[in-house]
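Chain by chain, the residues:
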Amino acid sequence: MKFVINGQKKLTGTVRVLGAKNAILPIIAATVLTENECVISNVPHISDVETMLQILRSMGGSARWSSEHELTICNRALACKPLDQKLVKRLRASVLFLGPFLVRFTSFTLGEPGGCIIGNRPLDTHLDGLAKLGCVWKHNDAFLSVTHTGLVGADVVLREASVTATENIIMAACGARGITKIKNAACEPHVQDLCAFLISMGAAIEGAGTSEITITGGKSLSGTTHAVISDPIDAGTYIMLGLATKSKISVTRMRPDHLDTVLETLRSMGARFDITKDSVTITNTGLLQATKIETRIYPGIPTDLQPLFGVLATQTQGTTLINETLFESRLGYLQELEKMGASVVISDAHRALITGPTPLYGRSIDCKDLRAGAALVVAGLVASGQTVIDHAEILDRGYEHIDHALLTLGADIRRIE
Ligand code: EPU
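Keep in mind it's a predicted model, so treat the numbers as computed, not measured. (Residues numbered from 1 in each chain as written. Predicted model: local features only at pLDDT ≥ 70, side-chain atom pairs only at ≥ 80, totals over all residues. Heavy atoms only, no water.)

A. Seen up close, the sheet that holds strand 14 (residues 250–252). Overall, mixed pairing links the four strands, which are arranged 2-14-16-15 in an open sheet. Of all the strands in the sheet, just strand 2 (14–16) and strand 15 (273–276) have a single pairing partner and so form its edges. On average, adjacent strands in this sheet sit at an angle of 15° to one another, irrespective of strand direction. Where strand 2 and strand 14 come together, three bridges link them in parallel fashion. Of the residues in strand 14, the one forming a bridge with Arg 16 is Thr 252. Sheet strands in contact with helix 8 (residues 232–244) are strand 2, strand 14, strand 15 and strand 16 (279–282), and its direction is about 10° off that of strand 16. (Pairing = 2+ DSSP bridges. Helix = DSSP H or I, 4+ residues; strand = E, 2+ residues; numbered from the N terminus. Axes fitted to C-alpha atoms, helices over the stretch in contact; angles between N-to-C directions. Contact = heavy atoms within 4.5 Å.)

B. Examining empty space enclosed by the protein more closely. Under the defined criterion, the tally for this structure stands at one cavity of 30 Å³ or more. A volume near 30 Å³ is recorded for the largest cavity. In terms of lining residues, the largest cavity is bounded by Leu 18, Gly 19, Lys 21, Pro 44, Ile 46, Asp 231, Asp 234, Gly 398, Tyr 399 and Glu 400. In terms of residue class, the lining of the largest cavity is built from four nonpolar, two polar and four charged. Shared between two domains, the lining of the largest cavity takes at least three residues from each, and those domains are domain 1 (2–18 + 230–416) and domain 2 (21–227). (1 Å grid on protein atoms, 1.4 Å probe; cavity = no way out; pocket = protein on both sides within 12 Å on 5 of 7 lines; lining within 4 Å. Points joined across faces, edges and corners; volume = space filled by probe spheres on them. Nonpolar A, V, L, I, M, F, W, Y, C, P; charged D, E, K, R; others polar. Domains from an automatic or database assignment.)

C. View of the site of the ligand. Within the structure, the ligand sits among 22 residues, and Asp 124, Ser 162, Thr 164, Asp 304 and Leu 326 are positioned closest to it. Interatomic distance of 3.4 Å between a side-chain N/O atom of Glu 160 and an oxygen atom of the ligand. Contacts to the ligand include Arg 330, whose side-chain N or O atom sits 3.4 Å from an oxygen atom. When the free accessible area of the ligand is taken as 830 Å², the share hidden by the protein chains comes to 92%. The set of elements that each furnish at least two residues to the shell around the ligand consists of helix 1 (21–30), helix 5 (124–132), helix 6 (163–174) and helix 12 (370–382). Of all the elements, helix 5 adds the most residues to the shell around the ligand, at three residues. Per-class residue counts for the shell around the ligand are seven nonpolar, seven polar and eight charged. For the shell around the ligand, the two domains that each supply at least three residues are domain 1 (2–18 + 230–416) and domain 2 (21–227). (Near = heavy atom within 4 Å. Polar contact = N/O pair within 3.5 Å; in protein donor to acceptor, adjacent residues only side chain to side chain. Areas by Shrake-Rupley, 256 points an atom, 1.4 Å probe, with all protein chains shown as cover.)

D. Local environment of the packing of aromatic side chains. One pass over the full model with this rule turns up three aromatic pairs. Geometrically, the ring pair formed by Phe 97 and Phe 101 is edge-to-face, given 5.9 Å between the ring centres and 65° between the ring planes. Each member of the pair, Phe 97 together with Phe 101, is buried. Here Phe 101 and Phe 105 contribute two aromatic rings whose centre-to-centre distance is 6.1 Å and whose plane-to-plane angle is 20°, an arrangement assigned as stacked. Of the two residues, Phe 101 and Phe 105, neither departs from the other in class, the shared state being buried. Chaining the aromatic ring pairs together yields one cluster made of Phe 97, Phe 101, Phe 105 and Phe 108. (Phe/Tyr/Trp six-rings, centres within 6.5 Å; stacked < 30°, edge-to-face > 60°. Buried < 20%, exposed > 50% of the residue type's maximum accessible area, 1.4 Å probe, protein only.)

E. The arrangement of the nonpolar core in detail. Formed by 73 residues in total, the largest nonpolar core has its most connected members in Ile 28, Val 49, Phe 97, Phe 108, Ile 170, Leu 198 and Ile 205. When residues of this core are assigned to their parent elements, the largest contribution, seven residues, is made by helix 1. Membership of the second largest hydrophobic core comes to 70 residues, among which are Ile 249, Ile 293, Leu 331 and Ile 389. (Core = buried A, V, L, I, M, F, W, Y, C linked by side-chain atoms within 4.5 Å.)

F. Structural detail: the pairing of strand 5 (residues 70–74). Here strand 5 lies mainly inside the structure; four of its five residues are buried. Sheet topology note: the strand 3 (residues 37–41)/strand 5 ladder contains four bridges and is antiparallel. Its bridge partner being in strand 5, Cys 38 is matched across the sheet by Ile 73. Taken together, the five bridges between strand 4 (residues 62–67) and strand 5 define a ladder with antiparallel strand orientation. Bridge assignment links Ser 67 to a residue of strand 5, and that residue is Glu 70. In sequence, strand 4 turns back onto strand 5 through a hairpin of two residues.

G. Local environment of the sheet that holds strand 8 (residues 143–147). If you trace the three strands from one edge of the open sheet to the other, you get 6-8-7, paired in antiparallel fashion. One side of each edge strand has no neighbouring strand; the edge strands of this open sheet are strand 6 (107–111) and strand 7 (136–138). The average undirected angle you get between the axes of adjacent strands in this sheet is 15°. Bridging between strand 7 and strand 8 involves three bridges; their strand directions are antiparallel. Considered in strand 8, the bridge of Val 136 is made with Thr 147.

Right, here's the structure in full:
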């Protein structure tokens, strides 16, 4: 699929943010922890959600859309069998089934997870943590098999504050006998939302949102209802889009407090906003000043917004240093921006210098991963002439109909299957 964008149209109006991709994916996995029905609202229609549901169904779970953004899931009839390799390959989040399936069964076989190619994405932190809870793992033909004879709570120190490793260990710990303490845990809003979901099922979890999380395992977990938090990356994408295209747009149904560092950085660059409890409106469309952008775990600047800062840097005054500290293959979109006229020096796998402001010109470019794709869409809106983005189906993994949202703002964007 391709997106064809005719840039430089005037954008105005409001974008409403939906539920967070990286919250709903672990929550879908967490439904495995109960045999009862879970009803989850504010779920975005994105292909990563569909893939997680297909995996669940292939294991005997039942999952249906009970209304437009609401899922009803019941996993009474789950079978203990290897996950469908083809589905697992489609997304990294398939690894999140590891923890909950090990609570339901004493063994689990996982194929190699796929997902965006943004660097080396090891599983060592997940496996070390699960080993502390009593699991034994080995690589096999399928990729990985994990077994145990009963999960037991333990102290787990994560070498990396990995988001999905924290989530996997929390879910496994819910089914472990005794207390698990996770140190150097990830604090991201989506980790907090997973914990809120688990607590509403009856789990005993303390410290979510801090780097030390304590889980008292062995509670019986029941069905529940839960509304997924609004997606901070979606919200950040649209704010950055507004700033790069100099449009006074409003982003609503969001949590500004989940983007504190991002908004503060943008303010230091000269951006001005009206902020309410659940919205951000851009009030200044003047020239912004370059700054240093260093990605960090929450509450720092999220790596998922780094490519959006990269596009914005082409439209700001001066030289921006981007330091992508988490992943080593997340600067590839800069080569596409260079084709469009951006002034870019890629220093190494983690760092780049972008000097602006430069005009961008419509070109045929290629979308390598989800967030790079969002950045290239913004570049296409900034550019003069026509931009054609290849492999744009990647955007459907994480943004619900981004083209519809942009059409509502006044963009000229077409989807060509
Ligand atoms: N890491 C290890 N060992 C591990 C796991 C991670 O060394 O076992 C390292 C990674 O190499 C990386 C760092 O830890 O340097 C952080 O990786 P993390 O494990 O936190 O990433 P993830 O859990 O695989 C999630 C999101 C990503 C997001 C990252 C960072 C989900 C489903 N995915 O990935 O989201 O970039 O956290 O915030 O939650 C996206 O939405 O586009 C996306 C890629």
